[in-house]
Amino acid sequence: MTSGVATEPAAPLILPKTSESEALKRIRHTTSHVMAMAVQKLFPKAQVTIGPWIDYGFYYDFDHPEPFTEKDLKAIKKEMDRIIRAKLPVMREEVSRSEAEQRIQAIGEPYKLEILAGLTEPITLYHLGDQWWDLCAGPHVANTGDLNPAAIELETVAGAYWRGDENKAQLQRIYGTAWETPEQLAEYKHRKAEAQRRDHRRLGKELGLFIFADPVGPGLPLWTPKGTVLRSLLEDYLKQEQIKRGYLPVVTPHIARVDLFKTSGHWQKYHEDMFPLMSESEGDRQAELGFVMKPMNCPFHIQIYKSQLRSYRELPLRLAEFGTVYRYEQSGELGGLTRVRGFTVDDAHLFVTPEQLDAEFLRVVDLILAVFQRLELKNFRARLSFREPASDKYIGSSEAWEKAEGAIQRAVEALGMDHFLGIGEAAFYGPKLDFIFRDALEREWQLGTVQVDYNLPERFDLEYVAADGSRQRPVMIHRAPFGSLERLIGILIEEYAGDFPLWLAPVQVRLLPVGDGQLPYAQQVADHLRPAGLRVEVDTSGERLGKQIRRAELEKVPVMAVLGAKEMETGTLSLRSRHGGEMGNLTVAETLATLQASLAPRS
């Protein structure tokens with residue numbers, strides 16, 4: 001018997017990052033030490049290196065002659081449980097550098113000596129009882145008994161290079177996660193399994209959207225026909241929105257003289273992330289003469305602006321390009337579409353008078369919000385990415401930075417936007433308003449960005465003729481609603497779990513002939529629907545209908561149409577929507593009208 005009283009649904013468990021929880025920081029840091037102690041008890045030849053906490057867990061790197069196996073991980077976890085049950089006190093000890101060096105030499109741990117050389121005093125050690133210790137700054141729990149073994153799990157073993165240098169020793173990295181409660185661990189594992197189900201690398205392959213090929217190289221995706229359709233749909237949508245707002249399209253090269261990026265400051269500030277200089281001779285290379293792959297589009301758009309003297313009457317001038325740029329990401333940092341070496345930015349650079357800055361900035365934010373609404377990306381916050389005043393990585397005067405940051409601050413206040421401050425997150429040439437999206441699995445991604453820049457107009461000596469005839473300096477706005485097109489598509493694949501809305505689906509309708517006798521009719525229907533802009537495929541496999549339906553479902557085709565003898569006789573289609581179920585038998589004209597009505601709002 002029920003009481004009839006409605007109960008509130010249980011609130012979802014919050015899984016904070018380590019940086020967001022002091023308790024988890026202590027738990028994960030201590031658990032990493034417990035794991036390292038367990039490893040060295042079971043495998044005396046293993047040498048420890050570093051073992052930090054990470055967003056949702058921890059890891060430790062080991063130098064061990066034999067690879068750790070899944071069986072080894074289970075044994076290590078059992079040993080960890082014994083250490084936790086022993087309730088060993090976690091004790092901090094402060095020692096001199098020479099004392100630390102002597103102790104390290106006594107236990108024969110050369111990696112610790114190298115770590116010690118990079119530490120500033122005071123030198124602190126953390127002990128687990130009197131059985132194990134390591135160099136560490138903390139923080140930790142007071143006692144291993146404060147850890148909950150039912151909230152800890154060892155996850156995977158991966159390779160890693162000492163100090164991240166591929167020329168140094170190859171190590172083994174054991175990843176683990178630790179939480180305050182078993183319920184948090186269970187929720188974490190659920191989200192991890194869901195992440196694997198939604199993984200864009202797996203779905204991209206299954207849906208035939210993109211591939212990576214070793215002969216081409218890592219971090220360089222190849223787009224298949226279906227993936228190219230998806231890219232084109234997104235590009236076409238944004239191009240239409242930009243035209244409505246007065247943007248002008250431009251196209252620029254993929255390479256340029258290195259001097260262009262010296263003027264912009266990218267060569268000096270961004271050199272490590274750029275592909276190497278291409279020179280005709282060793283002498284030119286030594287003199288830094290030659291060409292580089294572009295890491296940014298802005299210096300090219302600046303040259304278009306600068307190609308003629310501009311009047312204030314021409315401003316704002318909005319130049320837009322889907323420009324592919326190249327970054328020399330380390331191979332260990334690459335990850336599907338979300339971190340690649342060649343990617344396309346929906347870049348635009350707006351040249352405005354100082355008086356136009358605030359209004360134009362708000363118009364850009366309005367465009368970004370419209371894009372997010374169309375893509376159904378709702379869970380985001382705005383980050384005010386400002387400079388760290390003490391850092392030397394930025395160019396330009398403090399006055400220019402203060403004016404630029406002030407414009408961004410005024411914009412978010414005028415809009416009443418949910419925002420937070422990100423000190424040190426600015427680009428080297430100016431502050432940004434970044435849109436940080438939280439996906440279905442509560443992971444955060446940076447998508448759209450809009451930046452205010454007083455510095456590049458100064459470095460490139462940009463001018464316009466003001467109303468009084470004087471020469472004045474414009475302000476630049478850099479903006480990209482999508483950010484990286486590759487990253488956006490990777491995120492959309494995972495957010496939709498590959499099940500795209502009708503307007504974005506690479507294949508919108510799959511026609512399923514019951515037998516070979518209906519194949520000509522299916523081709524006739526496809527020929528009628530395609531000129532209206534619908535993306536239609538005919539299943540020509542000749543397989544039984546059930547298998548055709550199953551394949552269309554796995555490929556997440558939004559609409560299926562069965563064509564049997566009855567449909568061919570009556571000139572109809574038996575339609576079924578993935579989400580709406582059976583739609584009945586419609587004529588070709590009715591089918592076309594129904595689908596066009598659904599597509600009109602891009603929903």
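Please refer to the structure higher up on the page.
Residues numbered from 1 in each chain as written. Predicted model: local features only at pLDDT ≥ 70, side-chain atom pairs only at ≥ 80, totals over all residues. Heavy atoms only, no water.

### Section: the overall build of the protein chain
Phase 1: Assigned secondary structure in the protein chain consists of 19 helices and 28 strands.
Phase 2: The C-alpha extent of the protein chain, read off along each of the three principal axes, is 85 × 80 × 65 Å.
Phase 3: When each of the 603 residues of the protein chain is scored for burial, the buried share is 50%.
Phase 4: Considering only residue pairs separated by 6 or more positions, the protein chain has 70% of its internal contacts joining residues 24 or more positions apart.
Phase 5: Only carbon and sulfur atoms are counted for the fraction: they give 51% of the accessible area of the protein chain, which is about 28,700 Å².
Phase 6: Within the protein chain, the 85 negative side-chain charges are centred at a point lying 2 Å from the centre of the 74 positive side-chain charges. (Helix = DSSP H or I, 4+ residues; strand = E, 2+ residues; numbered from the N terminus. Buried < 20%, exposed > 50% of the residue type's maximum accessible area, 1.4 Å probe, protein only. Contact = heavy atoms within 4.5 Å. Areas by Shrake-Rupley, 256 points an atom, 1.4 Å probe, with all protein chains shown as cover. Lys, Arg positive; Asp, Glu negative; His and termini not counted. Charge placed at Lys NZ, Arg CZ, Asp CG, Glu CD.)

### A word on the nonpolar core
Phase 1: Core analysis: the biggest nonpolar cluster contains 80 residues, and Leu 375, Leu 433, Phe 482 and Leu 511 have the highest contact counts within it.
Phase 2: With 8 residues, the top contributor of residues to this core is helix H12 (residues 357-374).
Phase 3: Setting aside its immediate chain neighbours within four residues, Leu 433 contacts Phe 361, Val 365, Ala 382, Arg 383, Leu 384, Ile 408, Val 412, Gly 448, Thr 449 and Val 450.
Phase 4: Listed in part, the 37 residues of the second largest apolar core include Ala 36, Ala 38, Phe 62 and Tyr 188. (Core = buried A, V, L, I, M, F, W, Y, C linked by side-chain atoms within 4.5 Å.)

### With respect to the sheet that holds strand S4 (residues 90-95)
Phase 1: Taken in spatial order, the 3 strands of this open sheet run S4-S5-S6, and their pairing is antiparallel. Of all strands in the sheet, those with a lone pairing partner are S4 and strand S6 (132-135), marking the two edges. Shown here is a sheet whose adjacent strand axes are inclined to one another by a mean of 25°, direction ignored.
Phase 2: With 6 bridges connecting them, S4 and strand S5 (residues 123-128) associate as antiparallel partners. Counted as the bridge partner of Val 90 is Leu 128 from S5. (Pairing = 2+ DSSP bridges. Axes fitted to C-alpha atoms, helices over the stretch in contact; angles between N-to-C directions.)

### Observations concerning the packing of aromatic side chains
When we look at a pair of aromatic rings, we describe it by the centre distance and by the angle of the planes.
Phase 1: As enumerated under the stated definition, the model contains 20 aromatic pairs in all.
Phase 2: Ring geometry for Phe 62 versus Phe 68: centroids 6.0 Å apart, planes at 80°, classification edge-to-face. Residue Phe 62 shares its accessibility class with Phe 68, and that shared class is buried.
Phase 3: Counting every residue linked through ring pairs, the aromatic cluster contains Phe 43, Tyr 60, Phe 62 and Phe 68.
Phase 4: Taking the ring centre of Trp 179 as reference, the NZ or CZ of Arg 28 above it sits at 4.2 Å.
Phase 5: One residue, Lys 294, lies across the ring of Phe 300, its end atom 4.8 Å from the ring centre. (Phe/Tyr/Trp six-rings, centres within 6.5 Å; stacked < 30°, edge-to-face > 60°. Lys NZ or Arg CZ within 6 Å of the ring centre and 35° of its normal.)

### A word on the side chain of Thr 18
Phase 1: Tracing the sequence through the fold places Thr 18 in the segment before helix H1 (22-42).
Phase 2: The exposure class of Thr 18 is buried, given its relative accessible area of 0%.
Phase 3: For Thr 18, the side chain forms a polar contact with the side chain of Arg 28, separated by 2.7 Å.
Phase 4: Each residue touching Thr 18, except ones within four places of it in the same chain, is listed here: Leu 24, Lys 25, Arg 28, Trp 53, Ile 54, Asp 55, Tyr 56 and Gly 57. (Polar contact = N/O pair within 3.5 Å; in protein donor to acceptor, adjacent residues only side chain to side chain.)

### Focus on the environment of Arg 438
Phase 1: Here Arg 438 is to be found in strand S19 (residues 432-438).
Phase 2: The exposure class of Arg 438 is partly exposed, given its relative accessible area of 24%.
Phase 3: With 55 residues separating them along the chain, Arg 438 and Ile 493 place their C-alpha atoms 14 Å apart.
Phase 4: Apart from the residues within four sequence positions on either side, Arg 438 is in contact with Asn 379, Arg 443 and Glu 444.
Phase 5: Polar contacts involving the side chain of Arg 438 include one to the side chain of Glu 444, which spans 2.8 Å.

### As for the packing of helix H3 (residues 97-107) against helix H4 (residues 110-117)
Phase 1: Where H3 contacts H4, the axes come no closer than 8 Å and their chain directions differ by 165°. Taken together, H3 and H4 sit at an angle that is classed as roughly antiparallel. Judged by the sense of rotation from one axis to the other, the crossing of H3 with H4 is left-handed. Facing H3, whose interface residues are Arg 97, Ala 100, Glu 101, Ile 104, Gln 105 and Ile 107, H4 presents Lys 112, Leu 113, Leu 116 and Ala 117. (Parallel < 35°, antiparallel > 145°, perpendicular 65-115°, else oblique. Left-handed = near helix turned anticlockwise from the far one by under 90°.)

### Concerning the sheet that holds strand S14 (residues 310-311)
Phase 1: Spatial strand order, S14-S21-S22: 3 strands in an open sheet with mixed pairing. Only two strands of the sheet have a single neighbouring strand rather than two, namely S14 and strand S22 (471-472).
Phase 2: Inspection of the sheet shows S14 paired to strand S21 (residues 464-465) by 2 bridges, in the parallel sense. Bridging from a neighbouring strand, Ser 311 pairs with Val 465 of S21.

### A look at the side chain of His 33
Phase 1: Among the secondary structure elements, His 33 is positioned in helix H1.
Phase 2: A residue is classified by how much of its surface remains accessible, and His 33, at 2% relative accessible area, is buried.
Phase 3: Apart from residues lying up to four places away in sequence, His 33 is in contact with Tyr 60, Tyr 126, Leu 128, Trp 132, Asp 134, Cys 136 and His 140.

### As for the environment of Thr 31
Phase 1: Its place among the elements puts Thr 31 in helix H1.
Phase 2: In this view, Thr 31 contacts Phe 58, Met 80, Leu 147, Ile 152 and Ala 178; residues no more than four positions away in its chain are not counted.

### Some words on a nonpolar patch on the surface
Phase 1: Among the surface-exposed residues, Ile 211, Val 216 and Leu 222 lie close enough to one another that they form a single nonpolar patch of about 220 Å² accessible area.
Phase 2: Structurally, Ile 211 is set in strand S9 (residues 210-211).
Phase 3: Judged by relative accessible area, Ile 211 falls into the partly exposed class, the value being 42%. (Patch = residues over 30% accessible without salt bridge, like charges linked within 9 Å, V, L, I, M, F, W, Y side chains within 5 Å. Salt bridge = Lys/Arg side-chain N within 4 Å of Asp/Glu carboxyl O.)

### Overview of unusual backbone geometry
Phase 1: Cis rather than trans, the peptide bond between Gly 138 and Pro 139 has omega equal to 5°.
Phase 2: The topology assignment puts Pro 139 in the loop between S6 and strand S7 (152-161).
Phase 3: Residue Leu 315 is joined to Pro 316 through a cis peptide bond whose omega torsion reads 5°.
Phase 4: Position of Pro 316 among the secondary structure elements: in the loop between S14 and strand S15 (317-326).
Phase 5: The phi dihedral of Lys 87 is positive, around 50°, even though this residue is not glycine.
Phase 6: Summarising the element assignment, Lys 87 is placed in the loop between helix H2 (70-85) and S4.
Phase 7: The phi torsion at Asp 461 lies on the positive side, around 55°, for a residue other than glycine.
Phase 8: In this fold, Asp 461 is placed in the loop between helix H14 (455-459) and S21.

### What to know about the pattern of salt bridges
Phase 1: What the rule picks out here adds up to 54 salt bridges.
Phase 2: Among the salt bridges present, the one from Lys 41 reaches Glu 79, with a minimum N-O distance of 3.2 Å. Here Lys 41, found in helix H1, pairs with Glu 79, found in helix H2; they are 38 residues apart in sequence, far enough to count as distant.
Phase 3: Across the pair Arg 191 and Glu 187 runs a salt bridge whose closest N-O atoms are separated by 2.9 Å. Residue Arg 191 and its partner Glu 187 are located together in helix H5 (residues 182-198), separated by 4 residues, close to a single helical turn.
Phase 4: Here the residues in one salt-bridge network are Lys 17, Arg 381, Arg 438 and Glu 444, joined through shared partners.

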